[in-house]
Amino acid sequence: MWTGLYVAGGGALGALLRWGVLQHISAPIGTFAVNVIGSFLIGWAVVLMSGFSSKWQLLVIAGVLGGFTTFSAFSLDVLKLLEADRVVAAMGYALGSVVLSLAAAALGLWMAKGFMS
């Protein structure tokens, strides 16, 4: 069976979970909570699922948690860099991701508003 189905199915579940949280806790607090919870869960899952088959790891880590929040994948990338003693790369990645993503979102918003007027 195509392993992408595990990611897709898990992603759908994760997105529904995120939507469910945001129905009860409005943004930005709900989004903040999802990002922090998802980051915690991906760290937890990577360790506890190390003995599981790759299909289960794809379903839970890339799928459910990736769909719940992509911020969890970002957090894991930073931690992997730190564990590899690449502190400068980790900090550059973290700062660059936040700053450039905010700038890109602002640019997209500005461009879309200009396009729509």
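Residues numbered from 1 in each chain as written. Predicted model: local features only at pLDDT ≥ 70, side-chain atom pairs only at ≥ 80, totals over all residues. Heavy atoms only, no water.

Student: In this structure, what is going on with a nonpolar patch on the surface? I would like to understand it.
Tutor: Taken together, Phe40, Trp44, Val46, Val47 and Leu48 make up a surface patch of nonpolar side chains, about 520 Å² in accessible area. Within the secondary structure, Phe40 is located in helix 2 (residues 29–48). (Patch = residues over 30% accessible without salt bridge, like charges linked within 9 Å, V, L, I, M, F, W, Y side chains within 5 Å. Areas by Shrake-Rupley, 256 points an atom, 1.4 Å probe, with all protein chains shown as cover. Salt bridge = Lys/Arg side-chain N within 4 Å of Asp/Glu carboxyl O. Helix = DSSP H or I, 4+ residues; strand = E, 2+ residues; numbered from the N terminus.)

Student: How should the side chain of Thr69 be read in this particular structure?
Tutor: Mapped onto the elements, Thr69 comes out in the loop between helix 3 (54–68) and helix 4 (71–83). Setting aside residues no more than four positions away along its own chain, Thr69 makes contact with Arg18, Val34, Asn35 and Gly38. (Contact = heavy atoms within 4.5 Å.)

Student: So what exactly am I meant to see when it comes to the packing of helix 4 against helix 5 (residues 87–116) here?
Tutor: Packed helices, taken two at a time, are described by the angle between their axes plus the distance between the axes. Between helix 4 and helix 5, the least distance of the axes is 7 Å, while the angle of their chain directions is 160°. By the angle class used here, helix 4 and helix 5 are roughly antiparallel. Between helix 4 and helix 5 lies a crossing whose hand is left-handed. Counting all contacts with helix 4, which are made through Phe74, Asp77, Val78, Leu81 and Leu82, the residues of helix 5 involved are Val87, Ala89, Ala90, Met91, Tyr93, Ala94, Ser97 and Val98. Taken together, the residues of the contact of helix 4 with helix 5 break down into 11 nonpolar, one polar and one charged. (Axes fitted to C-alpha atoms, helices over the stretch in contact; angles between N-to-C directions. Parallel < 35°, antiparallel > 145°, perpendicular 65-115°, else oblique. Left-handed = near helix turned anticlockwise from the far one by under 90°. Nonpolar A, V, L, I, M, F, W, Y, C, P; charged D, E, K, R; others polar.)

Student: What should I look at first to understand the nonpolar core in this one?
Tutor: Here is a general trend for soluble globular proteins: nonpolar side chains tend to be buried in one another's company. Core analysis: the biggest nonpolar cluster contains six residues, these being Ile42, Ala45, Met49, Ile61, Leu65 and Leu76. For this core, the secondary structure elements donating two or more residues are helix 2 and helix 3. Not counting residues up to four positions away in its chain, the partners in contact with Ile61 are Ile42, Ala45, Val46 and Gly66. (Core = buried A, V, L, I, M, F, W, Y, C linked by side-chain atoms within 4.5 Å. Buried < 20%, exposed > 50% of the residue type's maximum accessible area, 1.4 Å probe, protein only.)

Student: I would appreciate a short explanation of the confidence of the model for the protein chain in the present structure.
Tutor: In low-pLDDT regions, the fine details of the predicted coordinates are not to be read closely. On average, residues of the protein chain score 92 in pLDDT, and 99% of them reach the 70 mark or higher. Mean pLDDT across the secondary structure elements of the protein chain bottoms out at helix 4, with 90, and peaks at helix 1 (residues 4–24), with 96. (pLDDT = per-residue confidence, 0-100.)

Student: Hey, could you run me through the environment of Lys113 in this one?
Tutor: Within the element layout of this structure, Lys113 appears in helix 5. A residue is classified by how much of its surface remains accessible, and Lys113, at 58% relative accessible area, is exposed.

Student: I'm lost on unusual backbone geometry in this one. Help?
Tutor: Phi is mostly negative for residues that are not glycine, and the peptide bonds are mostly trans. Here Ala27 and Pro28 are connected by a cis peptide whose omega angle stands at 5°. When you line up the elements, Pro28 lands in the loop between helix 1 and helix 2. With phi around 60°, Asp85 is a residue other than glycine that occupies positive phi space. With respect to the helices, strands and loops of the structure, Asp85 is situated in the loop between helix 4 and helix 5. Assessed through its relative accessible area of 69%, Asp85 is described here as exposed.

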